[in-house]
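# Geometric and topological summary
Spelled out from the first residue to the last, the chains are:
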Amino acid sequence: MNSKAVFRLMIGMVVLTAVSRGVAAAKERPNVVVVITDDQGKNDLACLGNPIIKTPHIDAFYEDAVRFTDFHVSTTCAPSRGSLMTGRHCNRLNVFHTITGRSLLFEDEVILPELFAQNGYATGMFGKWHLGDNYPFRPMDRGFQEVVRHGGGGITQGPDYWGNDYFDDTYWHNGELQTYEGYCTDVFFSEALQFIEKNKNRPFFCYISSNAPHAPYNVPEAYLKMYENVPGLAERFQRFYGMITNIDYNFKRLTDKLDALNLTDNTILIFMTDNGSAGGNKIYDAGMKGSKGSEYEGGHRVPFFIRWPNGQITGGKDIDQLVAHYDVLPTFVDLLGLDYEPAKPLDGISFKSLLTESEPAWPDRILYMDTQRLQNLVKYRKYTVMDKDWRLVNGDELYKMSDDLGQTTNVFDQFPEVGKRLAEGYEQWWTSITEEGVNERYAYIKVGTPHENPSRISAHDMLTGKHGQVWHQIGAAVGAQGTGRWKIEFVEDGEYTISLRRFPRESGLAINATFPAQEKTVELDRTLPASVKSDFTEAYLYVANLQGTRKIEEGQDEVTFKATIPAGRYDMEAQLIDREKRVSPAFYVYIEKL
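Just so you know, these numbers come straight off a predicted model, no measurement behind them.

Scanning the protein chain for helices and strands turns up 11 helices and 27 strands. For 594 residues, the compact-globule estimate of 2.2 N^0.38 gives 25 Å, and the C-alpha radius of gyration of the protein chain, at 25 Å, lies within 12% of that figure. The C-alpha extent of the protein chain, read off along each of the three principal axes, is 85 × 70 × 50 Å. Counting only residues that meet the buried cut, the protein chain has 60% of its 594 residues in that class.

So this is what it looks like as structure tokens:
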């Protein structure tokens with residue numbers, strides 16, 4: 001063998017060794033599974049004191065996990081998910097609402113699945129996304145390689161497949177529609193378990209985000225029956241608790257799968273929820289004031305349980321330090337040694353030391369949560385300022401949490417120096433928010449790309465100050481009135497068709513179609529109402545250089561406009577107008593580049 005051949009062989013051996021070491025290092029990294037439920041509060045678990053609910057499998061996990069007792073999220077769905085994904089406060093992300101275009105996570109934010117994928121992980125998400133249903137905001141556009149999801153913020157909302165009702169629904173599988181058999185939570189966990197099985201020989205990040213127990217409270221009859229004889233428990237809460245017990249059943253399926261694949265020891269498993277209880281506090285409040293959407297403790301203090309046997313994160317230990325959802329990303333980076341340099345300042349910090357050290361140093365930090373739910377951010381709106389011992393609520397209420405978890409006694413006048421310190425913190429924090437210019441920025445749905453063509457856009461993401469129910473399938477059914485605009489970016493010059501509809505194409509319904517209310521069953525809590533409105537007479541469109549009105553003919557299912565549109569960012573108005581000149585949005589708009 002000549003010297004050149006020997007040299008090439010040596011180089012090849014070095015490269016092969018380096019690659020092998022890299023593969024081994026990646027394999028040694030733990031898997032990560034995050035289970036986050038929707039609208040379940042800290043008070044909706046037996047292990048945290050609820051005397052009625054049945055959650056034996058999550059309770060067993062609680063006994064073996066490390067539990068954060070003072071863990072906080074945002075007060076509603078999409079904002080919590082935005083912060084969890086980015087390590088940043090939702091107000092920085094264009095995710096301070098759940099509808100009206102303000103739940104679309106800015107495209108330039110780097111998020112967890114991208115981070116994991118860049119570090120050699122397989123990534124999958126199953127269930128509720130709620131950070132955008134169109135390109136470039138879908139989970140498949142943001143780093144998730146395997147996706148099964150419903151549309152919008154909940155099954156039956158506007159972006160969701162028409163007529164879904166939690167049973168035998170149609171969901172998006174990697175961008176394509178697919179019909180599944182069974183109850184929604186069962187389906188999402190089943191798909192997650194298949195993903196885990198497929199990727200058992202490499203590190204994976206599995207994000208299971210149930211839409212349950214979000215309304216409507218549709219639940220399998222067997223779970224409803226578990227609570228039907230509880231004295232004084234209204235049917236709504238029988239259903240709500242039944243949905244949670246079904247989640248508990250699926251959580252057991254998950255832990256059994258990890259055991260069967262010998263993955264439990266090297267898997268970081270997290271159970272958490274996205275905001276306070278959606279009404280469960282009326283049955284049991286865990287000593288806290290408020291529920292979903294509230295700036296009081298019950299609106300944002302939630303369970304967070306974590307276990308990683310190989311990392312010595314086990315044992316039923318409580319951690320009482322003040323932490324939040326935006327601490328999760330930096331903690332993963334620190335705990336797993338991920339390669340990551342944040343492009344923007346993070347609000348979160350790593351809590352690795354709390355998990356791994358017996359006497360960790362921890363800062364006396366101040367955290368901020370608020371409930372915006374408007375088109376634009378508004379200072380001093382429904383907010384709380386938190387440190388380890390105190391809560392300043394709406395600027396003039398102060399509570400000492402060690403003495404008053406229920407926030408019943410306002411001690412603002414007794415401790416003015418504390419109120420002043422927390423108020424000054426809020427001012428500095430709000431300045432940092434406004435300096436990022438969120439109110440001047442919008443998230444634009446991109447159309448005319450190979451990633452999504454045609455684009456199916458719903459009124460859920462229409463910017464409007466008076467939305468009624470236009471964001472929901474109910475709004476389309478009843479012909480709800482409302483006006484607004486979408487933020488649309490045409491990425492290329494070209495010829496486009498823009499079709500305005502009342503009902504989505506999969507429904508097969510004409511604009512003025514009428515139909516009876518969906519039949520109720522034992523399992524269905526809320527069904528689609530009747531459509532009786534049949535007097536839409538014209539459709540109006542304004543976008544870019546295209547403006548016009550067209551008559552709606554009898555039996556017509558969509559009104560289509562065709563034009564050559566130059567690339568650019570535009571406001572789009574799309575309306576259906578009835579014979580009395582009352583205006584509804586086009587509840588669905590399809591834009592296709594020809």
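Below, the discussion takes up the sheet that holds strand E19 (residues 455-458). In a beta sheet, neighbouring strands are held together by backbone hydrogen bonds and run either parallel or antiparallel to one another. Taken in spatial order, the four strands make up an open sheet running E19-E27-E21-E24, and their pairing is antiparallel. This sheet does not close on itself; its edge strands, each paired only once, are E19 and strand E24 (559-565). Pairs of neighbouring strands in the sheet enclose a mean axial angle of 20°, with direction left out of account. When strand E21 (residues 494-501) meets strand E27 (residues 588-593), the two strands line up antiparallel, connected through six bridges. Bridge pairing in E27 places Leu500 opposite Val589.

The next point concerns the packing of aromatic side chains. For the coordinates displayed, the defined rule picks out 36 aromatic pairs. Between the aromatic rings of Phe240 and Tyr241, the centroid separation amounts to 6.1 Å while the plane-to-plane angle is 40°, which identifies the pairing as tilted. There is no split in this pair, since Phe240 and Tyr241 are both buried. Three or more aromatic residues joined by ring pairs make a cluster, and in this case those are Phe116, Tyr121, Trp129, Phe144, Phe205, Tyr207 and Phe332. The lysine or arginine in question, Lys487, covers the ring of Tyr442, its NZ or CZ lying 4.2 Å from the ring centre. One Lys or Arg, Arg505, reaches over the ring of Tyr590 and ends 4.1 Å from the middle of that ring.

Here the focus is the side chain of Glu452. With respect to the secondary-structure elements, Glu452 resides in the loop between strand E18 (445-447) and E19. Within the buried set, Glu452 has no salt-bridge partner at all; the shortest N-O distance to an opposite charge, 4.3 Å, is to Arg138. Those residues in contact with Glu452, other than ones at most four positions away along the chain, are Asp133, Asn134, Tyr135, Arg138 and Lys446.

Bringing the nonpolar core into the picture now. Among the nonpolar cores identified, the biggest contains 63 residues, and Trp486, Ile488, Phe490, Ile498, Leu541 and Ile591 are the most heavily contacted of them. Looking at this core, the element that brings in the most residues is helix H10 (residues 416-434), giving six residues. Setting aside residues no more than four positions away along its own chain, Leu541 makes contact with Ile498, Leu500, Leu546, Gln547, Gly548, Phe561, Met572, Glu573 and Ala574. Listed in part, the 54 residues of the second largest apolar core include Leu48, Tyr183, Phe195 and Ile244.

Time to look at helix H7 (residues 235-260). Along an α-helix, a turn takes 3.6 residues, which lines up residues three or four apart on a common side. Relative to the 38 Å expected for 26 residues at 1.5 Å per residue, H7 spans 37 Å between its end C-alpha atoms, a close match to the ideal helical length. Directly after H7, the chain includes Asn262, whose backbone phi takes a positive value near 60°.

In terms of residue burial, strand E22 (residues 536-543) counts as a mostly covered element, since six of its eight residues are buried. Here six bridges tie E22 to strand E23 (residues 546-551), and the two strands are oriented antiparallel to one another. Each bridged residue has a counterpart across the sheet, and for Ala539 the counterpart in E23 is Arg550. Once E22 ends, the chain turns through two residues before running back antiparallel as E23, passing Ala544 with a positive phi of about 50°.

Evaluated as defined, the whole model comprises 42 salt bridges. Taking the shortest distance from any N to any O, the salt bridge between Lys128 and Asp38 comes out at 2.7 Å. With Lys128 in the loop between strand E4 (122-127) and strand E5 (146-149) and Asp38 in the loop between strand E1 (31-37) and helix H2 (56-64), this pair connects stretches of sequence that are 90 residues apart. In this structure Asp38 comes out as buried when scored by relative accessible area, which is 0%. Via salt bridges that share partners, Arg88, Arg92, Asp108, Glu109, Lys344, Asp347, Glu436 and Arg441 belong to a single interconnected network.

Quick look at the environment of Asn201 now. In this fold, Asn201 is placed in the loop between helix H5 (184-198) and strand E8 (204-209). Among the residues examined, Asn201 registers a relative accessible area of 64% and is labelled exposed. Between the C-alpha atoms of Asn201 and Gly124, which are 77 residues apart in sequence, the distance is 15 Å.

For the pair H5 and H7, interaxial distance at closest approach is 10 Å and the crossing angle is 10°. When the interaxial angle is binned, H5 and H7 end up roughly parallel. Between H5, through Thr185, Asp186, Phe189, Ser190, Leu193, Ile196 and Glu197, and H7, the contact on the second element is made entirely by Asn246, Ile247, Tyr249, Asn250, Phe251, Arg253, Leu254, Lys257 and Leu258. The residue makeup of the contact of H5 with H7, split by class, is eight nonpolar, four polar and four charged.

With that settled, the discussion passes to the confidence of the model for the protein chain. When pLDDT is averaged across the protein chain, the result is 95; 95% of the residues are at 70 or more. Per-element confidence in the protein chain is highest for E8, whose mean pLDDT is 99, and lowest for helix H1 (residues 3-28), whose mean pLDDT is 41. In the model, residues 1-26 has pLDDT below 50 throughout and makes three contacts with residues more than four positions away in sequence or in other chains.

The two faces of E24 differ: Val559, Phe561, Ala563 and Ile565 on one face are buried, but Thr560, Lys562 and Thr564 on the other face are not. Where E21 meets E24, seven bridges bridge the pair, whose relative direction is antiparallel. The partner of Leu500 across the bridge, within E24, is Val559.

The three strands are arranged E10-E3-E13 in an open sheet whose pairing can be described as mixed. Where the open sheet ends on each side, the last strands, each with one partner, are strand E10 (301-302) and strand E13 (323-324). Relative to E10, strand E3 (residues 71-72) runs antiparallel, the two sharing two bridges. If you follow His72 over to E10, its bridge partner there is Arg301.

Attention now goes to the state of the cysteines. Applying the stated criterion to the full structure yields zero disulfides. With no disulfide of its own, Cys206 has Cys184 as its nearest cysteine by sulfur position, at a separation of 16 Å. Accessibility expressed as a relative area gives 0% for Cys206, which makes it buried.

Rules and cut-offs
Residues numbered from 1 in each chain as written. Predicted model: local features only at pLDDT ≥ 70, side-chain atom pairs only at ≥ 80, totals over all residues. Heavy atoms only, no water. Helix = DSSP H or I, 4+ residues; strand = E, 2+ residues; numbered from the N terminus. Rg over C-alpha atoms; globule rule 2.2 N^0.38 Å. Buried < 20%, exposed > 50% of the residue type's maximum accessible area, 1.4 Å probe, protein only. Pairing = 2+ DSSP bridges. Axes fitted to C-alpha atoms, helices over the stretch in contact; angles between N-to-C directions. Phe/Tyr/Trp six-rings, centres within 6.5 Å; stacked < 30°, edge-to-face > 60°. Lys NZ or Arg CZ within 6 Å of the ring centre and 35° of its normal. Lys, Arg positive; Asp, Glu negative; His and termini not counted. Salt bridge = Lys/Arg side-chain N within 4 Å of Asp/Glu carboxyl O. Contact = heavy atoms within 4.5 Å. Core = buried A, V, L, I, M, F, W, Y, C linked by side-chain atoms within 4.5 Å. Expected span 1.5 Å × (residues − 1). Parallel < 35°, antiparallel > 145°, perpendicular 65-115°, else oblique. Nonpolar A, V, L, I, M, F, W, Y, C, P; charged D, E, K, R; others polar. pLDDT = per-residue confidence, 0-100. Disulfide = S-S within 2.5 Å.

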